[in-house]
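Fold and contact review
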Amino acid sequence: MEPHICLYKDRIEIVLIKSNRDYVVPNQEIHEYGYDAYIITDNQVEMEKDFRKLGVKIVRPLLTTDPITIELF
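What comes next concerns the included structure. (Residues numbered from 1 in each chain as written. Predicted model: local features only at pLDDT ≥ 70, side-chain atom pairs only at ≥ 80, totals over all residues. Heavy atoms only, no water.)

Both faces of the sheet carry side chains from a regular strand, because those side chains alternate between them. Direction of pairing for strand 1 (residues 4-9) relative to strand 2 (residues 12-17): antiparallel, over a ladder of six bridges. Residue pairing across strands places Cys-6 opposite Val-15, the latter belonging to strand 2. Connecting strand 1 to the next strand, strand 2, in antiparallel fashion are two residues, including Asp-10 with a positive phi near 50°. (Pairing = 2+ DSSP bridges. Helix = DSSP H or I, 4+ residues; strand = E, 2+ residues; numbered from the N terminus.)

Pasting the structure below:
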């Protein structure tokens, strides 16, 4: 089992896993696919507003990438 911690708030679960590398490498670079975080919510617009209020840097606003996926970068 990998060293990890699980964080919970409301219906959100965030799992952080200790890397087996000495430096941070994006999943895209290691596996050639995927993202480093997935967040599932019923209200993406409200979540984006909350992030902005907290000063989270959002590189690109919400966008639809296929018929069922809305992404925030």
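The space that makes up the second largest pocket amounts to roughly 550 Å³. Looking at the second largest pocket, it is lined by 16 residues, and the ones nearest its centre are Lys-9, Asp-10, Ile-12, Thr-41 and Met-47. Looking at the lining of the second largest pocket, the elements with two or more residues in it are strand 1, strand 2 and helix 2 (44-53). Tallying contributions element by element places helix 2 first for the lining of the second largest pocket, with four residues. (1 Å grid on protein atoms, 1.4 Å probe; cavity = no way out; pocket = protein on both sides within 12 Å on 5 of 7 lines; lining within 4 Å. Points joined across faces, edges and corners; volume = space filled by probe spheres on them.)

A contiguous nonpolar surface patch, about 400 Å² in accessible area, is contributed by Ile-5, Leu-7, Ile-12, Ile-14 and Leu-16. For the nonpolar patch, the secondary structure elements donating two or more residues are strand 1 and strand 2. No other element matches strand 2, which puts three residues into the nonpolar patch. Topologically, Ile-14 is positioned in strand 2. (Patch = residues over 30% accessible without salt bridge, like charges linked within 9 Å, V, L, I, M, F, W, Y side chains within 5 Å. Areas by Shrake-Rupley, 256 points an atom, 1.4 Å probe, with all protein chains shown as cover. Salt bridge = Lys/Arg side-chain N within 4 Å of Asp/Glu carboxyl O.)

Geometric descriptors of this kind do not, in isolation, establish any biological role.
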